[in-house]
Amino acid sequence: MDIEEDIRSLQLDSAEDNNGVVIPDDVKPEEVDKSEKIEEIEKSNEMDEDPKQEVQAQPSQAEPTVRNREIPPVQDQQDELDNQKRHLNVVFIGHVDAGKSTTGGQILFLSGQVDERTIQKYEKEAKDKSRESWYMAYIMDTNEEERVKGKTVEVGRAHFETESTRFTILDAPGHKSYVPNMISGASQADVGVLVISARKGEFETGYERGGQTREHVQLAKTLGVTKLLVVVNKMDDPTVNWAKERYDEIESKMIPFLRQSGYNVKKDVMFLPISGLIGTNLQTRVDKSICSWWDGPCLFEALDAVEVPLRDPNGPFRMPILDKFKDMGTVVMGKVEFGSVREGDSLLVMPNKDQVKVVAVFIDENRVRRAGPGENLRIRLSGVEEEDILSGFVLSSVANPVPTVIEFVAQLQILELLDNAIFTAGYKAVLHIHSVVEECEIVELLQQIDPKTKKPMKKKVLFVKNGAVVVCRVQVTNTICVEKFSDFPQLGRFTLRSEGKTVAVGKVTGV
Ligand code: GTP
Ligand code: MG
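All of these numbers come straight from a predicted model, not from anything done at the bench.

## Some details on the overall build of the protein chain
- Along the backbone of the protein chain there are 11 helices and 23 strands.
- Looking at the 511 residues of the protein chain, the share that counts as buried comes to 56%.
- Taking all contacts inside the protein chain whose residues are at least 6 apart in sequence as the whole, residues at least 24 apart take part in 72%.
- By element, 49% of the accessible surface of the protein chain is carried by carbon and sulfur atoms, the whole surface being about 21600 Å².

Pasting the structure below:
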């Protein structure tokens, strides 16, 4: 085990983070220890097109409940590559009331997904609830509780397209009570839009300890959000009025923190000023008469320019299940993390090892013949009852199934323990790993890692405090599916939470 490499990745340094992607030039020896994997890499090398573009969206006769019509099997990967836009999952994160839903709603409005009449209806409804300025947020906040309180609870999901890209927007809640929902949203995304309010006092509250700006950034990095667009929002607010000083102040405070959280600020982060409510600098660049000093792109341009690394479409299939329901059989929802799926495939539902067959695959409302990594799917299965599936289960290839464990070894970085408690054997917390949420207990501390030398310390470790990096054995009550971080980062990185706060981030080093 290359400890230094491991620690760097535990500290979530983006340099190490290929996000589960095979970048052939960059392949580390331990990642290709299996000859099978080398073969996969060679295969992916041969394909010079973006694997995401392989997915063939069926033309629009698709409705949510699609008939079980015969679709010819895929003959050749190449025949599906024509004219396909790339696809990106974008999660909106940030402190409560920063303007995530408003900005998301405005994007949908500007891209023609919402008509004027609906907006007028929302304006009236918002007014009736004495929440006039929230009408744009109503596009994303669809349930009554969210509209009455003006706070997102469930992750909102919507789609829009630009010339080059299909986007799925995931609108996470900012309120600290709903961090578990935010985690589920962020775990589905590769790109984050971190929304920060520039309004006087609001940036400060969000950025303080206990504010969600920090927590969301740390979680996003841990959950595999490799790129961040930091939008400094509410630039139209009277306390801001597009002042360059305020924008610069926020940028200069955020940069060191983003760096600390593991983002390579030059490569993976971009800042831009916007007004989500007015819709300024979103689809078109802000007018010089409003903001004379901004020469950079607008949000749509920035989103279009985001490059996420290619993922290997040929690896063993892994799709953590987020949700399931009954609809002409058993339907599971989730994001494909590795490999590809096509109609007719035989797969396993792990950890129960239920043998299933793929009856149909849907991206949004469209039935497709096959789908590759990074796609959010609904898959109709035969061979399993809906009751026998729980979220956190993993749909997995038969030949190379995901490991199942009740105990694993992990490297943890302790962020902030409640009331400065000590972290020791017997410590209990809630483990969030891909779509799993489980009670866990630390059963043994194995080694503490010296933050300076990045090497394991010699002396036996019985407890550690905030900021420590420690290798330990973690136990869960029910069997779960995890992978070693070095093999499958998305299924091997996790967070520990306690009483509603994130106390540690970590990665699985042994299963
Ligand atoms: P949570 O879902 O609770 O985390 O909040 P959110 O980040 O989704 O914020 P939301 O979009 O609900 O907006 C909160 C408030 O900020 C509303 O009153 C919005 O009208 C206001 N707001 C959002 N964007 C802007 C903006 O660009 N300018 C101004 N002036 N107000 C804004
Ligand atoms: Mg919201």
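## Observations concerning the sheet that holds strand S16 (residues 404-414)
- In space, the 6 strands of this closed barrel follow the order S16-S21-S19-S18-S22-S23, with antiparallel pairing throughout. When strand polarity is set aside, the average angle formed by the axes of neighbouring strands in this sheet is 45°.
- The pairing of strand S22 (residues 493-498) with strand S23 (residues 501-510) spans 6 bridges and is classified as antiparallel. Opposite Ser-498, over in S23, you have Lys-501 as the bridge partner.
- Sitting on the sheet, helix H6 (residues 179-186) touches strand S18 (428-433) and S22, and the angle it makes with S22 is about 175°.

## Points about the packing of H6 against helix H8 (residues 212-222)
- One can describe the packing of H6 onto H8 by two numbers: an axis separation of 10 Å at closest approach and a directional angle of 40°. Between H6 and H8, the crossing angle belongs to the class labelled oblique. Once H6 is placed against H8, the crossing between them reads as right-handed. Counted together, Val-179, Met-182 and Ile-183 of H6 and Glu-215, His-216, Leu-219 and Ala-220 of H8 form the full contact between these two elements.

## Overview of the sheet that holds strand S2 (residues 156-161)
- Spatial ordering of the open sheet is given by S2-S3-S1-S4-S5-S6, a layout of 6 strands whose pairing is mixed. Each edge of the open sheet carries a strand with a single partner, namely S2 and strand S6 (269-273). Taking each pair of neighbouring strands and ignoring which way they run, the sheet shows an average axis angle of 25°.
- Where strand S4 (residues 191-197) lies against strand S5 (residues 227-233), 7 bridges are found, and the strand directions are parallel. Counterpart to Val-191 in the pairing with S5 is Lys-227.
- Sheet contacts for helix H9 (residues 244-260): S4, S5 and S6; angle to S6, the most-contacted strand, approximately 160°.

## Notes on the coordination of the magnesium ion (ligand 2)
- Protein coordination at the magnesium ion (ligand 2) comes from Ser-101 (OG) and Thr-152 (OG1), with a distance range of 2.0 Å. Residue Ser-101 is located in helix H3 (residues 100-110), and its partner Thr-152 is located in the loop between helix H5 (144-149) and S2; the two are separated by 51 residues in the primary sequence. Both residues of the pair, Ser-101 and Thr-152, belong to the buried class.

## A closer look at the pattern of salt bridges
- Within the structure shown, the criterion is met by 29 salt bridges.
- Of the charged contacts, one joins Arg-497 and Glu-215 as a salt bridge, the two residues approaching to 3.1 Å between their closest N and O atoms. Of the two residues, Arg-497 sits in strand S22 while Glu-215 sits in helix H8, which places them 282 residues apart along the sequence.
- Residue classification places Glu-215 among the buried residues on the basis of a relative accessible area of 12%.
- For Asp-248, the salt bridge goes to Lys-244, with nearest N and O atoms at 2.8 Å. Pair noted here: Asp-248 and Lys-244 are both in helix H9, with a separation of 4 residues, about one helical turn.

## As for the confidence of the model for the protein chain
- Scored by pLDDT, the protein chain has a mean of 83; 84% of the residues are at 70 or more.
- For residues 1-83, every residue scores under 50 in pLDDT, and the model assigns this stretch 174 contacts once sequence neighbours within four places are set aside.

## Thoughts on the packing of H8 against H9
- Running from N to C, H8 and H9 point in directions that differ by 35°, and their axes come no closer than 10 Å. Crossing hand, H8 versus H9: right-handed. Between H8 and H9, the contacting residues are Thr-213, Arg-214, Val-217 and Gln-218 on the first element and Met-254, Phe-257 and Leu-258 on the second.
- Here the contact of H8 with H9 is built from residues that sort into 4 nonpolar, 2 polar and 1 charged.

## Some remarks on H6
- Buried residues of H6: Val-179, Met-182, Ile-183, Gly-185 and Ala-186, and no others. For H6, the angular spread of buried residues about the axis comes to 160°, placing them on one side.
- Against the buried residues of H6 lie strand S1 (86-93), strand S3 (165-171), H8, S18 and S22.

## A few points about the pairing of strand S11 (residues 354-363)
- Of the strand pairs in this sheet, strand S10 (residues 346-350) and S11 are connected by 4 bridges, and their pairing is antiparallel. What sits directly across from Leu-348, in S11, is Gln-355.
- As defined by bridge partners, S11 adjoins strand S14 (residues 376-382) across 6 bridges and the pair is classed as antiparallel. Looking at S14, one finds that Ala-360 is bridged to Arg-380.
- Where S11 lies against strand S12 (residues 366-368), 3 bridges are found, and the strand directions are antiparallel. Each bridged residue has a counterpart across the sheet, and for Val-361 the counterpart in S12 is Val-368.
- The turn joining S11 and S12, which pair antiparallel and follow one another in sequence, is formed by 2 residues; a positive phi near 50° is taken by Asp-364.

Cut-offs used in this document
Residues numbered from 1 in each chain as written. Chains lettered and ligands numbered in written order. Predicted model: local features only at pLDDT ≥ 70, side-chain atom pairs only at ≥ 80, totals over all residues. Heavy atoms only, no water. Helix = DSSP H or I, 4+ residues; strand = E, 2+ residues; numbered from the N terminus. Buried < 20%, exposed > 50% of the residue type's maximum accessible area, 1.4 Å probe, protein only. Contact = heavy atoms within 4.5 Å. Areas by Shrake-Rupley, 256 points an atom, 1.4 Å probe, with all protein chains shown as cover. Pairing = 2+ DSSP bridges. Axes fitted to C-alpha atoms, helices over the stretch in contact; angles between N-to-C directions. Parallel < 35°, antiparallel > 145°, perpendicular 65-115°, else oblique. Left-handed = near helix turned anticlockwise from the far one by under 90°. Donors = N, O, S within 2.8 Å, 3.2 Å for Na, K, Ca; no water. Salt bridge = Lys/Arg side-chain N within 4 Å of Asp/Glu carboxyl O. pLDDT = per-residue confidence, 0-100. Nonpolar A, V, L, I, M, F, W, Y, C, P; charged D, E, K, R; others polar. Arc of directions from axis to C-beta.

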